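Observations on chain architecture
What follows is each chain in one-letter form.
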Amino acid sequence: VKVTYVHHDGTRTEVDGKEGDTVMHTAVAHDVEGIVGECGGAMMCATCHCYVDDEWLDAAGERRDGEEDMLDCGAAEVKPSSRLSCQIRLSPALDGLVVHLPEEQM
Ligand code: FES
């Protein structure tokens, strides 16, 4: 499942993620800068904040319960497309997913 991370400066990192892994885990496993994932995906840190590309908003689904509150605790501005990337799991429907990364996570 291909995922493209677009960094704040416009550079892009494309990685091949595993189905079932989260967007956060995939970034950390591939040393993608810009996603920290401090709490390991427990929805406790908001250092995995990303902005889902407009074209992928439907496929990525809705925010989970509690996600919004955690996003508010993060360092970056919360936008309608904001998600915790540890709450997005890769599936065939997300092949080609594009997420944008905030300037800083903490
Ligand atoms: Fe901590 Fe996502 S990794 S909230």
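Quick caveat, the model's predicted, so the values are computed rather than measured. (Residues numbered from 1 in each chain as written. Predicted model: local features only at pLDDT ≥ 70, side-chain atom pairs only at ≥ 80, totals over all residues. Heavy atoms only, no water.)

Details of the nonpolar core
Core analysis: the largest hydrophobic core is formed by 28 residues, its most contacted members being Tyr-5, Val-23, Ile-35, Leu-84, Leu-97, Val-99 and Leu-101. Contributions of two or more residues to this core are made by β1 (2-6), α1 (23-29), β3 (49-52), α3 (67-73) and β5 (97-100). Discounting residues that sit within four places of it in the chain, Ile-35 has contacts with Tyr-5, Met-24, Ala-27, Val-28, Thr-47, Cys-48, Ser-85, Leu-101 and Gln-105. (Core = buried A, V, L, I, M, F, W, Y, C linked by side-chain atoms within 4.5 Å. Buried < 20%, exposed > 50% of the residue type's maximum accessible area, 1.4 Å probe, protein only. Helix = DSSP H or I, 4+ residues; strand = E, 2+ residues; numbered from the N terminus. Contact = heavy atoms within 4.5 Å.)

Notes on the pattern of salt bridges
Throughout the structure, instances matching the rule amount to three salt bridges. With a closest N to O distance of 3.5 Å, Asp-16 and Lys-2 form a salt bridge. Of this pair, Asp-16 sits in strand β2 (residues 12-16) while Lys-2 sits in strand β1, and the two are 14 residues apart along the sequence. Overall, the relative accessible area of 35% leaves Lys-2 in the partly exposed class. For Glu-68, the salt bridge is made with Arg-63, and the minimal N-O distance between the two is 3.3 Å. Judged by relative accessible area, which is 45%, Glu-68 ranks as partly exposed. (Salt bridge = Lys/Arg side-chain N within 4 Å of Asp/Glu carboxyl O.)

Things to note about the environment of Glu-14
Inspection of the secondary structure assignment puts Glu-14 in strand β2. C-alpha of Glu-14 to C-alpha of Thr-4: the two residues are ten residues apart in sequence and 4.3 Å apart in space. Not counting chain neighbours up to four residues away, the residues in contact with Glu-14 comprise Lys-2, Val-3 and Thr-4.

Some remarks on unusual backbone geometry
You will see that Met-43, though not glycine, has its phi angle at about 60 degrees, which is positive. For Met-43, the position within the fold is in the loop between α1 and β3. Overall, the relative accessible area of 19% leaves Met-43 in the buried class. One non-glycine residue with positive phi stands out, namely Ala-46, at about 65 degrees. Here Ala-46 is to be found in the loop between α1 and β3.

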